[in-house]
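Coordinates in review
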Amino acid sequence: MAKYIAQIIVLGAQVVGRAFARALKQEIAASQEAAKRAGGGPEGTRRAAANASTGITLEEAMQILNLDKLDPEKIQKNYEHLFSMNEKANGGSFYLQSKIVRAKERIDAEYKQKEPEPERTQQKDTS
């Protein structure tokens, strides 16, 4: 009886071990693919960090705000329009408002990262 229990435990451990190894391989492949899509190198690392901190990709943010390119005036106009249309008083959704805010934050993070280094240090000194 003990022999059969030991065999069941060993077999179960092998199955779990194989499943874990397969999941780990898939996660590594997905991570590498995400790094390639983000551009790789330091730019890809920066973009991945911005995506992780805001919880949304730049492409997703542009879709939410209905943008084709990053134009500051159009970003602000679309943001204000979508935010006001989704207010609770107008029968809108708090969830949609929060997605709009997160999209704007992600695009703002992209602009902040693209800002030249000397201008960022001057702004810190004046504030």
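A few points on the structure. Just so it is clear, the model here is predicted, and its values are computed rather than measured.

Summed over the entire model, instances satisfying the criterion amount to three salt bridges. Ionic pairing is found between Asp-108 and Lys-104, a salt bridge with its closest N-O pair at 3.2 Å. Taken together, the residues span about one helical turn, with Asp-108 and Lys-104 both in helix 5 (residues 94-114) at a distance of four residues. The exposure class assigned to Asp-108 is partly exposed, which follows from its relative accessible area of 35%. Between Arg-106 and Glu-110 there is a salt bridge whose closest N-O contact spans 3.0 Å. Taken together, the positions of Arg-106 and Glu-110, both in helix 5 and four residues apart, correspond to about one turn of that helix. With a relative accessible area of 0%, Arg-106 lands in the buried category.

This part covers the side chain of Arg-106. Among the polar contacts made by the side chain of Arg-106, one reaches the side chain of Glu-110 at a distance of 3.0 Å. Once you skip the residues sitting within four places of it in the chain, Arg-106 turns out to touch Arg-47, Ala-50, Asn-51, Thr-54, Ile-56, Thr-57, Leu-58 and Ala-61.

Turning to a nonpolar patch on the surface, a few remarks are in order. Together, Met-1, Ile-5 and Ile-9 give the surface a local cluster of nonpolar side chains, amounting to about 370 Å² of exposed area. Along the chain, the position of Met-1 falls in the segment before helix 1 (2-38).

Quick look at unusual backbone geometry now. Backbone geometry at Asn-66 places phi at a positive 60 degrees, although glycine is not the residue there. By secondary structure assignment, the location of Asn-66 is in the loop between helix 3 (58-64) and helix 4 (72-85). With a relative accessible area of 58%, Asn-66 lands in the exposed category.

Let us look at the packing of helix 4 against helix 5. Here helix 4 crosses helix 5 at 165 degrees, and the two axes come no closer than 10 Å. Between helix 4 and helix 5, the crossing angle belongs to the class labelled roughly antiparallel. Crossing angle aside, the handedness with which helix 4 passes helix 5 is left-handed. Residues Pro-72, Ile-75, Gln-76, Tyr-79, Leu-82 and Phe-83 of helix 4 pack against Gln-97, Ile-100, Val-101, Lys-104, Ile-107 and Tyr-111 of helix 5. Taken together, the residues of the contact of helix 4 with helix 5 sort by class into nine nonpolar, two polar and one charged.

Basis of the calculations
- Residues numbered from 1 in each chain as written.
- Predicted model: local features only at pLDDT ≥ 70, side-chain atom pairs only at ≥ 80, totals over all residues.
- Heavy atoms only, no water.
- Salt bridge = Lys/Arg side-chain N within 4 Å of Asp/Glu carboxyl O.
- Helix = DSSP H or I, 4+ residues; strand = E, 2+ residues; numbered from the N terminus.
- Buried < 20%, exposed > 50% of the residue type's maximum accessible area, 1.4 Å probe, protein only.
- Polar contact = N/O pair within 3.5 Å; in protein donor to acceptor, adjacent residues only side chain to side chain.
- Contact = heavy atoms within 4.5 Å.
- Patch = residues over 30% accessible without salt bridge, like charges linked within 9 Å, V, L, I, M, F, W, Y side chains within 5 Å.
- Areas by Shrake-Rupley, 256 points an atom, 1.4 Å probe, with all protein chains shown as cover.
- Axes fitted to C-alpha atoms, helices over the stretch in contact; angles between N-to-C directions.
- Parallel < 35°, antiparallel > 145°, perpendicular 65-115°, else oblique.
- Left-handed = near helix turned anticlockwise from the far one by under 90°.
- Nonpolar A, V, L, I, M, F, W, Y, C, P; charged D, E, K, R; others polar.

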